[in-house]
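If you want the building blocks of each chain, they are given just below.
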Amino acid sequence: MYAVNADHLTKRYRIYLRPFDRLKEAVLRRPFHESVEALSDVSFQVPTGDSLGIIGENGAGKSTLLKILAGTVRPTQGNFLRQGRVAALLELGSGFHPEFSGRQNIYLNAALLGLGEAEIKEQEETIIRFAELESVIDRPVKTYSSGMYVRLGFSIATSVHPDVLIIDEALSVGDQRFQQKCVDRMVGFGKSGKTIIFCSHSMYLVNELCTDTLWLDRGRVREWDKTAKVVSEYLAYMERKEELPETGPPAKNTSLPDVVIDEVRVLNKDRKPVESIRQFETLVFQVKTRCIGLPMKGHLGIGFERMDGQRIFATTTKVSGTGPIEFSGTQTIELVIPSIPVVGGKYRAKARVGDEHALRLIHEWDSEPFGIDSERPEIGMVWMNHHWRFYDATVG
Amino acid sequence: MNMKTDVNPFSLIMRWATVPFRFKALFWGFMISEIRGRFAGSIGGVLWSLLTPLANLLIYIFVFSLILKIRLQPMETGTDSFAVFFLAGLLPWGAFAESLSEASSLFLQRAAMITKVAFPLELLPMIGVLVPFFLHGLGFAMYLGYLIIKGYFHVVWLWLPVVIVIHMVFALGMVTLISSLSVFLRDIQQFIGTVLTLWFFSTPIIYPLSMVPDPFSLMMKFNPMYPFIELYRRILLQHTLSWDLIGTAGGLAAVVFTGGVLFFSRAKYAFADVL
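Residues numbered from 1 in each chain as written. Chains lettered and ligands numbered in written order. Predicted model: local features only at pLDDT ≥ 70, side-chain atom pairs only at ≥ 80, totals over all residues.

Looking only at helices and strands, chain B has twelve helices and zero strands in total. Ordered by position in the sequence, the α and β elements of chain B form the string α-α-α-α-α-α-α-α-α-α-α-α. A principal-axis box enclosing the C-alpha atoms of chain B has dimensions of 60 × 45 × 35 Å. Within chain B, the fraction of its 275 residues that count as buried is 37%. A fraction of 78% describes how many contacts in chain B between residues 6 or more apart in sequence connect residues 24 or more apart. (Helix = DSSP H or I, 4+ residues; strand = E, 2+ residues; numbered from the N terminus. Buried ≥ 20, exposed ≤ 12 C-beta atoms within 10 Å, placed from the backbone. Contact = placed C-beta atoms within 7 Å.)

Here we come to the overall build of chain A. The helix and strand inventory of chain A stands at eight helices and 19 strands. Reported as C-alpha extents along the three principal axes, the dimensions of chain A are approximately 75 × 60 × 50 Å. Taking all 396 residues of chain A together, the buried fraction comes to 37%. Counting only contacts in chain A whose residues sit at least 6 apart along the sequence, the fraction spanning at least 24 positions is 71%.

When two helices pack together, you describe them by how their axes are tilted relative to each other and by the distance separating the axes. All names here are of chain B. One can describe the packing of helix α11 (residues 226-238) onto helix α12 (residues 243-274) by two numbers: an axis separation of 9 Å at closest approach and a directional angle of 140 degrees. Relative to α12, the element α11 lies oblique. Once α11 is placed against α12, the crossing between them reads as left-handed. Residues P227, F228, E230 and L231 of α11 form the contact with α12, whose participating residues are L245, I246, T248 and A249. (Axes fitted to C-alpha atoms, helices over the stretch in contact; angles between N-to-C directions. Parallel < 35°, antiparallel > 145°, perpendicular 65-115°, else oblique. Left-handed = near helix turned anticlockwise from the far one by under 90°.)

In this complex, chain B contributes 24 residues to the contact, which on the side of chain A involves 30 residues. Taken together, the elements giving at least two residues each to the side of chain B that touches chain A come down to α2 (24-39), α6 (111-116) and α12 of chain B. With six residues, the single largest contributor to the side of chain B that touches chain A is α2(B). Looking at the side of chain B that touches chain A, its residues break down into 15 nonpolar, five polar and four charged. (Nonpolar A, V, L, I, M, F, W, Y, C, P; charged D, E, K, R; others polar.)

Moving on to the environment of I61(B). All names here are of chain B. Mapped onto the secondary structure, I61 falls in helix α3 (residues 47-67). Once the C-alpha coordinates of I61 and F82 are considered, the two residues, 21 residues apart in sequence, prove to be 7.1 Å apart. Filtering out sequence-adjacent residues up to four positions away, I61 remains in contact with L66, F82 and A83.

For the rest of this paragraph, the subject is the sheet that holds strand β5 (residues 86-89) of chain A. Residues and elements named next belong to chain A. The strand order across the open sheet built from six strands is β5-β6-β7-β3-β8-β9, with neighbouring strands paired in mixed fashion. If you trace the sheet from one side to the other, it starts and ends with β5 and β9 (220-226), each paired once. For this sheet, the mean inter-axis angle between neighbouring strands, taken without regard to orientation, is 15 degrees. Bridge count for strand β3 (residues 51-55) against strand β8 (residues 212-217) is four bridges, and the pairing is parallel. If you follow I55 over to β8, its bridge partner there is W215. (Pairing = 2+ DSSP bridges.)

Residues and elements named next belong to chain B. Across the interface, α3 lies against helix α5 (residues 82-103) with an axial gap of 11 Å and an inter-helix angle of 135 degrees. Judged on the interaxial angle alone, α5 and α3 are oblique. Between α3 and α5 the crossing geometry is right-handed. Residues P53, N56, L57, Y60, I61, F64 and S65 of α3 touch α5, and the partners they reach there are F82, A83, F86, L87, L90, L91 and G94. Its residues assigned to classes, the contact of α3 with α5 comprises eleven nonpolar, three polar and no charged.

Let us now look at the nonpolar core. By size, the foremost hydrophobic cluster in this structure holds 140 residues, and its most contacted members are L69(A), A88(A), A110(A), I166(A) and I197(A). It is α5(B) that contributes the most residues to this core, 13 residues altogether. Once you skip the residues sitting within four places of it in the chain, A110(A) turns out to touch L115(A), I120(A), Q123(A), I156(A) and V160(A). With 22 residues, the next largest nonpolar core counts V264(A), L300(A), I302(A) and I325(A) among its residues. (Core = buried A, V, L, I, M, F, W, Y, C linked by C-beta atoms within 7 Å.)

All right, on to the sheet that holds strand β10 (residues 259-267) of chain A then. Residue and element names in this part refer to chain A. Spatial strand order, β10-β12-β16: three strands in an open sheet with antiparallel pairing. Of all strands in the sheet, those bounded by a partner on one side alone are β10 and β16 (330-337). Across the sheet, the mean angle separating the axes of adjacent strands is 20 degrees when strand polarity is ignored.

Further remarks concern the pairing of strand β19 (residues 370-373) of chain A. Taken residue by residue, a regular strand's side chains alternate between the two faces of the sheet. All names here are of chain A. Note that strand β11 (residues 276-278) and β19 share three bridges and pair parallel. Across the sheet, the residue bridging to R278 is D373, located in β19. Bridge count for strand β17 (residues 345-355) against β19 is three bridges, and the pairing is antiparallel. The residue of β19 that forms the bridge with K346 is G371.

Function-wise, these values are silent; they only describe arrangement.
Set out below in structure tokens:
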């Protein structure tokens, strides 16, 4: 059973240089437009209860696809089927009337999303409570801050209990605590068997919320597979595209995060810093963290990659199941790899601190390049244990 | 979701007729917010929808009754009061003209909503007609009250709701047509005001048809607003019912509404692309 089934969706926009051209075309019945294909031949299915992430660069056709799924834009070709009530948040609070109070807007907005009056009455208090707007709900929304606007919009859209929830970048605004609340609510959504279609530039959110992910590239499906696979390939593609500087930590935004990584080092089995290590020896990644604000829970991810950006291996305290780390003051955390099997060459370690849900990236830092020494010539990325067998043809 | 464009006029009209009931909460939500939104932030509120026609009335009485000294023949018009005569035409015209002048921005104004939320767009032209008719209806009700006090009441008045409904269907057809066209031809916004002024003066609203000299009075019959204004006036003041006029008005309403619905049903899928 599919909640959404998209079948060869194509959307072409006609671009007219002047409005008069449109009239000329309508009257003269000859083309006076340029055709732009925003979406070509996109097919996918989302089984009920699954969630689909949509990723891609700007202009890849994500918004067009979401608008088609939400039903505001018609595909030029192709078909799609949706099951049940669909609520789309293409822009939070897009139906709000600035002069009306928050409460009045709840009624109109929930009705826009397809709710009946009795249902709205029932949900009203829940919506206000979730949006944390109890004290200002009867003021006109034009007096709200943009964060309050977003909170109300998200609260309404998710309170209408849709079977399919379509969300576009909705979480990019609002403070971190509320973002977390939104994520929790969406996770709960997924757990209760609802379908989510989620479009975002945040790979953390996509990773956490979506079982499958669709990668759009210039209007076409570049990849449609399990999220982990698509996201890692997308990230690799983006990194290749950005041509990161060869060494040194990446430049980060200026505001200081709550937890910073001061140092990432590579140690040998005696916990001595080394520049290179022999293959199959014990390798230790050491990360020094410093918590600037109040103590907080979070996760640490450590991985390493080849100098061309090809990731070899990465793990997080969440993936390993050790549970979140309590960050406070300065801490030293080590990841021990008892026998390092990768082939000889230059590598670089990367460490990332994320929040409690491993969703939001708080800080990341790279180590200096380190070497893996090996004597024999090698092909590929890792050395695998193996042996050869030889048989005579007559033995069979 | 059905992707086929339905072009059967009957099922299209059925869709229009049922949409306010199927989306009741949204329909009333729009209605209330439209009325409330009009006066939001103003102290006078709904009072303004009464004061504006009143001010117009005083201006026209001053110019036409006091200065130009238009004299009405009670035999022809059913009244010798210019104000009574004029209001019978002005209030229905006002509701109609307001619907049309706002039609050009009906969809354009709500571009953000239309491109981001899927909802039955049919509701917008309906609201665009119902709200002006409702607001002018308040003034009209007061006018009727005045007429009753003055002893104008007559059983023929019971036909009034029929005329109003036909008039609203006609207005809905026009609004649907103009609002859909305006999405593609934004120029309509610029000249709709002028067209309405011309239309107002070429319809016998300030003057009775009997004052119009010969070749022009024939042309009046082709003015689609003429049968409506004439119907209101005959029912209210002369207490007569013209089956001819009701037939013409009903036919006009049916043709214009069907045309509007057909055009809208084809154009609406392109709205989100253009807006």
